[in-house]
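# Remarks on the overall topology
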Amino acid sequence: MKIAIRMDDITPAMDWERFGAFRALMDEYGVKPLIGVVPDNQDENLNRSREREDFWELVKELKESGWTVALHGYRHVYTEKKGGIFPLNDFSEFAGVSYEKQLDMLERGKRILEEHGIRTDIFMAPAHSYDRNTLKALRQNGFRRITDGFGSRPYQWQGMLFYPISFRLGSSLKRKSGFTTMVVHTNTADERDMEKYRRILETQEVISFKDYLKVQPVKRRLAGRLAEYLLAAVKHILVKYG
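These figures come from a predicted structure and were not determined experimentally. (Residues numbered from 1 in each chain as written. Predicted model: local features only at pLDDT ≥ 70, side-chain atom pairs only at ≥ 80, totals over all residues. Heavy atoms only, no water.)

## Focus on the overall build of the protein
Helix and strand content of the protein: seven helices and nine strands. For a compact globule of 242 residues, the expected C-alpha radius of gyration is about 18 Å, and the protein comes in at 17 Å, within 12% of that figure. For the protein, the spread of C-alpha atoms along the principal axes amounts to about 45 × 40 × 35 Å. When each of the 242 residues of the protein is scored for burial, the buried share is 50%. Across the protein, the fraction of contacts at a sequence separation of at least 24, relative to all contacts at a separation of at least 6, is 74%. Approximately 11,900 Å² of the protein is accessible, and the part contributed by carbon and sulfur atoms is 47%. Side chains of the protein give 40 positive and 34 negative charges; the mean places of these two sets differ by 9 Å. (Helix = DSSP H or I, 4+ residues; strand = E, 2+ residues; numbered from the N terminus. Rg over C-alpha atoms; globule rule 2.2 N^0.38 Å. Buried < 20%, exposed > 50% of the residue type's maximum accessible area, 1.4 Å probe, protein only. Contact = heavy atoms within 4.5 Å. Areas by Shrake-Rupley, 256 points an atom, 1.4 Å probe, with all protein chains shown as cover. Lys, Arg positive; Asp, Glu negative; His and termini not counted. Charge placed at Lys NZ, Arg CZ, Asp CG, Glu CD.)

This is the structure:
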């Protein structure tokens, strides 16, 4: 199985030392990941170091060098106790919020990115939580892709293209066919995590996210959506109570 990489929680005051270490790893192996940029971060948990004044210039530099950018929510503040239609968690910035408010949040977030010269049609939901109103508001704002879901290749559903993430990373993936995404949070990555990432890069086929975007999607039907929902719910239970 081919593995793409997404990096969550990209903000001006994130842990830049850990981000730099992971960026060096990406450069070493020639991999260009997807980065989820929070346009107006209000989540204090994501503030781990001094805010970089050149943050937006750096994001543009990474994009121009081949990295891919996603809109990672709006303010990354969880206001609802909802899992939405992909219930990996039971809290959300978007799921459970009215369509009108979600539309406004996405408009504001998109505008901030564009004011800094960054355009994207990819959405990364904080906590992986979104609902049908999110999809409707995304389409209205010109977004066409979401980095979430489960499956072995990109799929089309509700007028959106979904790029699945991994349910579980391990050596067994090497024996499977298809594509998936490894989710990375550098803010909380420790030495063991970095060793795991290096091992994956050394032993498995890791691709740049732009190559993932070129994969022909399949249509996701009701049975596939139901299976995905149940898998997400099971993983949430395993993580929360396991």
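Having put the structure on the table, let's press on.
## Things to note about the packing of aromatic side chains
Going through the model one piece at a time under the given rule, you end up with 16 aromatic pairs. Their ring planes at 20° and their centres at 6.2 Å tell us that Phe-179 and Tyr-212 sit as a pair that is stacked. Here Phe-179 is found in strand β8 (residues 179-184), whereas its partner Tyr-212 is found in helix α6 (residues 209-213), with 33 residues between them in sequence. Take Phe-179 and Tyr-212: they sit in the same class, and that class is buried. Connected via pairs of aromatic rings, a cluster forms that spans Phe-86, Tyr-130, Phe-150, Tyr-155, Trp-157 and Phe-162. Positioned over the ring face of Trp-16 is Arg-52, at 4.6 Å from the centre of the ring. One cation-aromatic arrangement involves Arg-225 over Trp-157; the distance from NZ or CZ to the ring centre is 4.0 Å. (Phe/Tyr/Trp six-rings, centres within 6.5 Å; stacked < 30°, edge-to-face > 60°. Lys NZ or Arg CZ within 6 Å of the ring centre and 35° of its normal.)

## Focus: the nonpolar core
Ile-5, Met-7, Phe-22, Val-37, Phe-123 and Leu-135 are the most contacted members of the largest nonpolar core, which has 57 residues in total. Not counting the four nearest positions on each side in its chain, Met-7 is found in contact with Phe-19, Phe-22, Pro-33, Leu-34, Ile-35, Gly-36, Trp-67, Met-124, Val-184 and Thr-186. Counting 11 residues, the second largest nonpolar core, distinct from the first, contains Leu-34, Ala-70, Met-124 and Phe-209. (Core = buried A, V, L, I, M, F, W, Y, C linked by side-chain atoms within 4.5 Å.)

## Things to note about the pairing of strand β1 (residues 2-10)
The buried fraction of β1 is high, at eight of nine residues. In this structure, β1 lies alongside strand β2 (residues 34-37), joined through three bridges in parallel fashion. Bridge pairing links Met-7 to Ile-35 in β2. Tracing the backbone out of β1, into helix α1 (residues 16-29) and back to the parallel element β2 gives a crossover that is right-handed. (Pairing = 2+ DSSP bridges. Right-handed = clockwise from strand over helix to strand, strands pointing away.)

## Quick word on the packing of α1 against helix α5 (residues 191-203)
A pair of packed helices is captured by two measures, namely the crossing angle of their axes and the spacing between those axes. Where α1 contacts α5, the two axes come as close as 11 Å, and the packing angle between them is 10°. Considering the angle they form, α1 stands roughly parallel to α5. Seen from α1, the contacting residues are Ala-21, Phe-22, Leu-25, Met-26, Glu-28 and Tyr-29; seen from α5, they are Met-194, Tyr-197, Arg-198, Leu-201 and Glu-202. (Axes fitted to C-alpha atoms, helices over the stretch in contact; angles between N-to-C directions. Parallel < 35°, antiparallel > 145°, perpendicular 65-115°, else oblique.)

## Describing the pattern of salt bridges
All told, the structure shown has 14 salt bridges when counted by the stated rule. Among the salt bridges present, the one from Glu-61 reaches Arg-23, with a minimum N-O distance of 3.1 Å. Within this pair, whereas Glu-61 is found in helix α2 (residues 55-64), its partner Arg-23 is found in helix α1, the two being separated by 38 residues in sequence. According to the relative accessible area criterion, Arg-23 is partly exposed, its value standing at 24%. (Salt bridge = Lys/Arg side-chain N within 4 Å of Asp/Glu carboxyl O.)

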